[in-house]
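# Secondary and tertiary structure notes
This is what each chain is made of:
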Amino acid sequence: MARSIYACAMPRVLIAEDETAIADAVLYALRSEGIEAEHCLLAREVVPRVRAGGVDVVVLDVGLPDASGFDVCRELRGFSEVPVIFLTARNDEIDRVLGLELGADDYVTKPFSPRELVARVRARLRRAHAAPKAETGAWLERGAFAVDRDGHRIRFRDQLLDLTRYEYALLDALLQRPGAILSRTQLMDRGWDSDADSADRTVDTHVKTLRAKLRAAGADPDPIRTHRGLGYAIEA
């Protein structure tokens, strides 16, 4: 059944992890779900392998022995949009923010369930292979905002915002329904499939970085409104 989800070709995941016991468990879990997987031990192996092509998701340990996974992700984002899931023993908010700012797609903290990691990989694969639903036309005006869905760009008061892919996705989702309260689950629909607690942390982290970028662009007061227990809304 797992193979039928991906009708085109069997997806391939690259795991960069220096703890072989963890890597072996993840490799087994992925392969059991019909997902091809390969393993490398060092950071310096990741970029050449992704450049060679055929990698659909990268599972990247932050603490590799020869370099930081953050540095690897930064280099990957210089030429590739391949989804990156960080795997790390660190759970500080500053590390999550840094990883997401660098363009990572998810953040899994050790110890973790291999089945949970597989679910997150499958979520990334579904979204990567889904046909985009971009509206035709150039910039769509939303009050002080303008959205270019074909180009995945958003302006605030004619200033182009420097957004990560999921900052863009969350802001775009809010701007599609200005004033409406969207739950974290609704906002995560274009991001991660994960448990509720993890979803809360991920959305809140992105909202925090979005607010900082909007402040830097001159947004005062903050256009993103928090509705405790419900979610977020935006005043465009």
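See the structure above.
An account of the accompanying structure is given in this report. (Residues numbered from 1 in each chain as written. Predicted model: local features only at pLDDT ≥ 70, side-chain atom pairs only at ≥ 80, totals over all residues. Heavy atoms only, no water.)

## As for the overall build of the chain
Under the convention used in this document: For helices the rule is a DSSP run of H or I covering at least 4 residues; for strands it is a run of E covering at least 2, with both sets numbered from the N terminus onward. Burial classes: relative accessible area under 20% of the type maximum marks a residue as buried, over 50% as exposed, and values in between as partly exposed (1.4 Å probe, protein chains only). Residue contacts are counted whenever heavy atoms from the two residues lie within 4.5 Å of one another.
Assigned secondary structure in the chain consists of eight helices and 11 strands. Expressed as a percentage of its 236 residues, the buried residues of the chain come to 48%. Excluding contacts between residues fewer than 6 apart, the proportion of contacts in the chain whose partners are at least 24 apart in sequence is 59%.

## Things to note about helix H1 (residues 20-32)
For the record, the criterion: Each residue after the first adds 1.5 Å to the expected span of a helix. When we speak of the arc, we mean the arc of directions from the helix axis to the C-beta atoms.
In this model, H1 (13 residues) spans 18 Å end to end at C-alpha, consistent with the 18 Å of a helix rising 1.5 Å per residue. Inspection of H1 places Ile22, Ala23, Val26, Leu27, Ala29 and Leu30 among the buried residues, and these make up the whole buried set. Within H1, the buried residues cover an arc of 165 degrees as seen down the axis, which keeps them to one side. Facing away from the buried surface of H1 by more than 90 degrees, the exposed residues are Ala21 and Tyr28.

## Regarding the pattern of salt bridges
What counts is decided by this rule: Salt bridges are defined by distance alone: a side-chain nitrogen of Lys or Arg within 4 Å of a carboxyl oxygen of Asp or Glu.
This model, assessed by the stated rule, comprises 19 salt bridges. The partner of aspartate 105 in a salt bridge is arginine 77, and the shortest N-O contact between them spans 3.3 Å. One end of the pair, aspartate 105, is in the loop between helix H4 (93-101) and strand S5 (106-109); the other, arginine 77, is in the loop between helix H3 (69-76) and strand S4 (84-88), with 28 residues separating them in the sequence. Just as aspartate 105 is buried, arginine 77 falls in that class too.

Honestly, that's just the spatial picture; any functional story needs more than this.
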